[in-house]
Amino acid sequence: MQDAYVDALKNGQGYTKVAMRSVNHRSALGMWFMAMADKCCAERMNDAINEHLITARARISKISDKEFKGLKGGLASTLGQAPRDLSEENERLWEEFESQQMMWDRTERSKEALEAVTRDEFVGHFESLFFSESTRRLDIEFVSQQHAAEQATSYDKNASTYMYSEVTKREKLEGGADAFKNQVAFYDDQVKIAYQSRQ
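Just so you know, these numbers come straight off a predicted model, no measurement behind them.

1. A few points about the overall build of the protein chain
Helix and strand content of the protein chain: ten helices and two strands. Starting at the N terminus, the α and β elements of the protein chain follow one another as α-β-β-α-α-α-α-α-α-α-α-α. Relative to its 199 residues, the protein chain shows a buried fraction of 21%. For the protein chain, the exposed area adds up to about 14500 Å²; of that, 51% sits on carbon and sulfur atoms.

So, in structure tokens, the structure goes:
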């Protein structure tokens with residue numbers, strides 16, 4: 001998915017920088033996408049990301065058992081790689097402290113859990129993460145004066161696209177971080193709840 005994302009946006013659209021990675025912050029699983037360009041507004045890039053997700057959805061829904069087995073094998077190999085240096089080892093251990101889970105054998109457990117994952121579970125997880133009622137999304141866009149007019153037009157156009165008319169509701173917030181924090185709804189902090197339950 002990552003290679004396809006980079007190819008679709010950077011090579012196909014001419015964007016100056018694109019990246020994506022999975023995140024698991026305090027037991028909240030998600031994906032992080034980034035795109036930068038000086039040739040178009042942020043909403044154009046937003047639409048390109050949405051189109052990529054829709055394309056990936058179609059591919060994943062039709063993934064064969066053979067392809068799925070190959071994906072699992074590749075991920076198992078990645079999980080089996082030892083830390084390359086003390087910095088990577090420190091990052092791995094610090095995540096256990098931060099989450100208060102102290103699962104020092106997480107790599108071994110993850111490989112065992114991966115082995116048990118079925119194709120249908122994988123497809124269902126992708127659907128739940130990106131295209132379900134539980135999907136939550138935050139778009140942060142920075143727009144130059146040069147593309148301000150295009151941004152406004154593209155925002156209105158994107159409102160009628162499948163992603164924003166069928167999948168998730170979109171609320172526009174203009175302002176700083178304080179304005180966002182005052183109105184946002186957060187997931188329950190599972191790390192804090194788990195810690196308090198041990199008191």
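2. Section: the pattern of salt bridges
One pass over the full model with this rule turns up eleven salt bridges. One salt bridge connects aspartate 139 with arginine 170, and the closest N-O pair in it is separated by 3.6 Å. Placement of the pair is aspartate 139 in the loop between helix H6 (119-130) and helix H7 (148-158) and arginine 170 in the loop between helix H8 (162-167) and helix H9 (177-183), with a sequence separation of 31 residues. The partly exposed category is assigned to aspartate 139, whose relative accessible area is 30%. We note a salt bridge from glutamate 141 to arginine 170, for which the minimum N-O separation is 3.5 Å. Of this pair, glutamate 141 sits in the loop between H6 and H7 while arginine 170 is found in the loop between H8 and H9, placing the two residues 29 residues apart along the sequence.

3. Things to note about the packing of helix H2 (residues 42-61) against H7
Two elements in contact, H2 and H7, have axes separated by 7 Å at closest approach and are oriented at 30 degrees. Considered as vectors, H2 and H7 are oriented roughly parallel to each other. Contacts between H2 and H7 involve Ala42, Glu43, Arg44 and Asp47 from the first element and Glu150, Gln151, Ser154, Tyr155 and Asn158 from the second. Partitioning the contact of H2 with H7 into residue classes produces two nonpolar, three polar and four charged.

4. Considerations on the environment of proline 83
Position of proline 83 relative to the elements: it lies in the loop between helix H3 (65-79) and helix H4 (86-99). Once you skip the residues sitting within four places of it in the chain, proline 83 turns out to touch Glu88 and Glu89.

5. Some thoughts on the nonpolar core
Counting twelve residues, the largest nonpolar core consists of Ile49, Leu53, Ala56, Ile60, Ile63, Phe68, Val123, Phe126, Phe130, Phe131, Met163 and Val167. For this core, the element with the most residues is H2, which contributes four residues.

6. Examining the state of the cysteines
With the rule as written, the count across this model stands at zero disulfides. Note on cysteine 41: no disulfide assigned, nearest cysteine sulfur contributed by cysteine 40 at a separation of 6.1 Å.

7. Some remarks on the confidence of the model for the protein chain
In regions of low pLDDT, the predicted coordinates are not meant to be interpreted in detail. Per-residue confidence for the protein chain gives a mean pLDDT of 82, with 87% of residues at or over 70. Looking at the elements of the protein chain, mean pLDDT is at its lowest for helix H1 (residues 2-13), recorded as 56, and at its highest for H6, recorded as 93.

8. Points about the packing of aromatic side chains
The full count for this structure, using the stated rule, is six aromatic pairs. A ring pair is formed by phenylalanine 126 and phenylalanine 130, whose centres lie 4.9 Å apart and whose planes are at 55 degrees; its orientation type is tilted. Separated by four residues within a single helix, phenylalanine 126 and phenylalanine 130 lie in helix H6, roughly one turn from each other. Phenylalanine 126 sits in the buried class, given a relative accessible area of 6%. With relative accessibility at 11%, the residue phenylalanine 130 sits in the buried group. Following the ring pairs from residue to residue traces out a cluster consisting of Phe33, Phe126, Phe130 and Phe131. Positioned above the aromatic ring of phenylalanine 131, the side-chain terminus of arginine 57 is 4.1 Å from the ring centre.

9. A short note on H4
The end-to-end C-alpha separation of H4 is 20 Å, in line with the 20 Å expected for 14 residues at 1.5 Å each. The backbone nitrogen of serine 87 lies 3.1 Å from a side-chain oxygen of the residue at the head of H4, namely aspartate 85. Just beyond H4, the residue with positive phi is glutamine 100, at close to 60 degrees.

Conventions adopted
Residues numbered from 1 in each chain as written. Predicted model: local features only at pLDDT ≥ 70, side-chain atom pairs only at ≥ 80, totals over all residues. Heavy atoms only, no water. Helix = DSSP H or I, 4+ residues; strand = E, 2+ residues; numbered from the N terminus. Buried < 20%, exposed > 50% of the residue type's maximum accessible area, 1.4 Å probe, protein only. Areas by Shrake-Rupley, 256 points an atom, 1.4 Å probe, with all protein chains shown as cover. Salt bridge = Lys/Arg side-chain N within 4 Å of Asp/Glu carboxyl O. Axes fitted to C-alpha atoms, helices over the stretch in contact; angles between N-to-C directions. Parallel < 35°, antiparallel > 145°, perpendicular 65-115°, else oblique. Contact = heavy atoms within 4.5 Å. Nonpolar A, V, L, I, M, F, W, Y, C, P; charged D, E, K, R; others polar. Core = buried A, V, L, I, M, F, W, Y, C linked by side-chain atoms within 4.5 Å. Disulfide = S-S within 2.5 Å. pLDDT = per-residue confidence, 0-100. Phe/Tyr/Trp six-rings, centres within 6.5 Å; stacked < 30°, edge-to-face > 60°. Lys NZ or Arg CZ within 6 Å of the ring centre and 35° of its normal. Expected span 1.5 Å × (residues − 1). Polar contact = N/O pair within 3.5 Å; in protein donor to acceptor, adjacent residues only side chain to side chain.

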